[in-house]
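As a plain string of letters, each chain reads:
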Amino acid sequence: MTAIACGALMSAAVADASAQSCKVPLLKVLAQKSLGLTVMEKTLADYEKASGTKVQISYFGENDRRSKARLDASTRAGSYQIYYIDEANVAEFATAGWVVPLLKYLPKEADYDDFLPGRRAVASYNGVAYFAPLIGGSDFLFYRRDLLEKAGVAVPRTLDELVAAVKKMHSPPNVYGWAARGQRGSGMNVWRWAPFMLAAGGKWENNGVPSFNSAQAVKATTLYRDLFKYAPPGGATYDWSNALEAFRSGKVAFMIESTPFADWMEDPKKSSVVDKVGYVRPPAPLASAAYGHGLAISTSGAKDECTRQAAGKFIAFATGKEQEQARLKDKVFSDYNRSSTVNSDYFRQHVKPQIQAGLTDTTPVSRVTIWPSPEWPDIGDNLGVVLEEVFTGTRTDVQGALDEANEYATDVMSRAKKRK
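Residues numbered from 1 in each chain as written. Predicted model: local features only at pLDDT ≥ 70, side-chain atom pairs only at ≥ 80, totals over all residues. Heavy atoms only, no water.

Strand order in the open sheet made by the five strands is 2-1-3-14-6, with mixed pairing throughout. With partners counted over all chains shown, the strands left at the sheet margins are strand 2 (54-60) and strand 6 (132-137), one partner each. Pairwise comparison of adjacent strand axes, ignoring direction, gives a mean angle of 20 degrees for this sheet. Looking at chain direction, strand 3 (residues 82-86) and strand 14 (residues 291-297) are connected through five bridges and run antiparallel. Counterpart to Tyr 84 in the pairing with strand 14 is Leu 295. (Pairing = 2+ DSSP bridges. Helix = DSSP H or I, 4+ residues; strand = E, 2+ residues; numbered from the N terminus. Axes fitted to C-alpha atoms, helices over the stretch in contact; angles between N-to-C directions.)

Moving on to the pattern of salt bridges. Evaluation of the coordinates by the stated rule reveals 23 salt bridges. A salt bridge links Glu 257 to Arg 192, with the nearest nitrogen and oxygen atoms 3.3 Å apart. Residue Glu 257 is located in strand 11 (residues 252-258), and its partner Arg 192 is located in helix 9 (residues 189-199); the two are separated by 65 residues in the primary sequence. According to the relative accessible area criterion, Arg 192 is buried, its value standing at 3%. The shortest N-O distance in the salt bridge between Glu 404 and Arg 395 comes to 3.1 Å. Classification of Arg 395 as partly exposed rests on a relative accessible area of 22%. Via salt bridges that share partners, Glu 62, Arg 65, Arg 66 and Asp 86 belong to a single interconnected network. (Salt bridge = Lys/Arg side-chain N within 4 Å of Asp/Glu carboxyl O. Buried < 20%, exposed > 50% of the residue type's maximum accessible area, 1.4 Å probe, protein only.)

Moving on, we come to the nonpolar core. By size, the foremost hydrophobic cluster in this structure holds 105 residues, and its most contacted members are Tyr 83, Trp 178, Trp 193, Trp 204, Phe 254, Phe 314 and Leu 383. Top element by residues in this core is helix 13 (residues 305-318). It accounts for eight residues. With 27 residues, the next largest nonpolar core counts Trp 240, Ala 246, Tyr 279 and Phe 333 among its residues. (Core = buried A, V, L, I, M, F, W, Y, C linked by side-chain atoms within 4.5 Å.)

On average, residues of the chain score 92 in pLDDT, and 95% of them are at 70 or above. In the model, residues 1-20 has pLDDT below 50 throughout and makes 29 contacts with residues more than four positions away in sequence or in other chains. (pLDDT = per-residue confidence, 0-100. Contact = heavy atoms within 4.5 Å.)

Let us look at the packing of aromatic side chains. Using the criterion set out here, one finds 22 aromatic pairs in the structure. Both rings, one in Tyr 47 and one in Phe 314, keep their centres 5.8 Å apart while their planes meet at 65 degrees; by these two values the pair is edge-to-face. Note that Tyr 47 is positioned in helix 3 (residues 44-51) and Phe 314 in helix 13, a separation of 267 residues in sequence. Pair check on accessibility: Tyr 47 and Phe 314 agree, each one buried. Both rings, one in Phe 142 and one in Phe 247, keep their centres 6.2 Å apart while their planes meet at 70 degrees; by these two values the pair is edge-to-face. Taken as a pair, Phe 142 in strand 7 (residues 139-144) and Phe 247 in helix 11 (residues 240-248) lie far apart in primary sequence, 105 residues in all. Of the two residues examined, Phe 142 and Phe 247, each falls in the buried class. One aromatic cluster in this structure is built from Phe 140, Phe 142, Phe 247 and Tyr 279. A cation over a ring is seen here: Lys 329 above Tyr 346, with NZ or CZ 6.0 Å from the ring centre. (Phe/Tyr/Trp six-rings, centres within 6.5 Å; stacked < 30°, edge-to-face > 60°. Lys NZ or Arg CZ within 6 Å of the ring centre and 35° of its normal.)

What follows deals with the sheet that holds strand 12 (residues 277-280). Taken in spatial order, the four strands make up an open sheet running 8-11-7-12, and their pairing is mixed. The open sheet has two edge strands, strand 8 (176-179) and strand 12, and neither has a second partner. Across this sheet, the average inter-strand angle for adjacent strands is 20 degrees, counted without regard to direction. Taken together, the five bridges between strand 7 and strand 11 define a ladder with antiparallel strand orientation. The partner of Asp 139 across the bridge, within strand 11, is Ser 258. Sheet strands in contact with helix 8 (residues 159-169) are strand 7, strand 8 and strand 11, and its direction is about 140 degrees off that of strand 11. Relative to the sheet, helix 9 contacts strand 7, strand 8 and strand 11, its axis offset from that of strand 11 by approximately 95 degrees.

Here the focus is the environment of Gly 400. As for its placement among the helices and strands, Gly 400 is situated in helix 19 (residues 398-419). Put simply, Gly 400 and Val 218 are 182 residues apart on the chain and 9.5 Å apart in space, counted from C-alpha to C-alpha.

Quick look at the layout of surface pockets now. There is about 990 Å³ of room inside the largest pocket. Contributing to the lining of the largest pocket are 37 residues, with Leu 35, Pro 260, Asp 263, Trp 264 and Val 332 lying nearest its centre. Looking at the lining of the largest pocket, the elements with two or more residues in it are helix 2 (35-40), helix 4 (62-74), helix 11, helix 12 (262-265) and strand 14. In terms of residue class, the lining of the largest pocket is made up of 14 nonpolar, six polar and 17 charged. The computed volume of the second largest pocket comes to approximately 470 Å³. Surrounding the second largest pocket, 22 residues form its lining, Leu 116, Arg 119, Tyr 336, Thr 363 and Ser 366 being those nearest its centre. (1 Å grid on protein atoms, 1.4 Å probe; cavity = no way out; pocket = protein on both sides within 12 Å on 5 of 7 lines; lining within 4 Å. Points joined across faces, edges and corners; volume = space filled by probe spheres on them. Nonpolar A, V, L, I, M, F, W, Y, C, P; charged D, E, K, R; others polar.)

What follows is the structure in structure tokens.
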């Protein structure tokens, strides 16, 4: 995209900048690396020139990004004007007043209603939008089409069929049957474990009281733990990037991961499984865990109206329709958030048929599977520590481990009620 074209695309968002009495020389963004931001950075210099605002982006891994944003917000340090937040912490940040309602500062031409309904749902809390989606999706069951065909194994459509297929395809060290997140964290192992727990009949809470230590939850946890027997060495502490790298190296037969990561599989420069992967909905009764990550305005970092308006304009640029089209043309096909993107001719003509088929299969069973509570990050991170201990074999008493995590959650909820 040329500087002239970029300037034209952004003109509506920055046309009134010269008319404002205030100037914002610098915006600092605390972010997590994503393909969307990587593509956006190609035209960032043009945006800075047109807007008169320099944008400094600091990238961190997912867990570090969450903790650093929480620390900056809770201490009111205000080191960043824009936070990268997600469905796992939007309730916490909104309830604490750490981010401002977005739509007051997002230019109307950004067309927030063009974002897919599912993305808007996870970007909101109590009906108020707090971030503009930058990436989002749900879950695929990733499977090696070539290996299954050779072994005569049908694509599993139920959880029982998946377990059987994982065992049959497991042939180390050449091929491992399974890869998954085992590393501690509300957005790591808990994220992947939650659909298993809910599918087994477990519940996060009962009338506001934590109840994820039920017999059903124990059954799901035991199953998830046992699947690591068929993972590569060290798999019980994998984060999502470890699992993805193991899969696209050609060493894994099955994996449940987020839909945008189909791009990783189809990248000929980094993947050894291009055109060898199939994508379908997670096997029943597993739900497909919906999520969304995006950019929000920091209350303490953007203290004045002028700074908030400048932050809103940058967010409109970074998450805009033109950026999504630029991603498509940069072969980022599964990292989309807008109806206009999905309905574009370019999307239909260039997204690989196996990915389009997977998206069609997955959409009906996509839903939020984490506990939408302001106390979720604390509860989820503590649960993640306990689950990692179970998955690595440090703890063998599954019921006792979940009881401990559930008791911790009960205390957290009790303290939160007292504060109110």
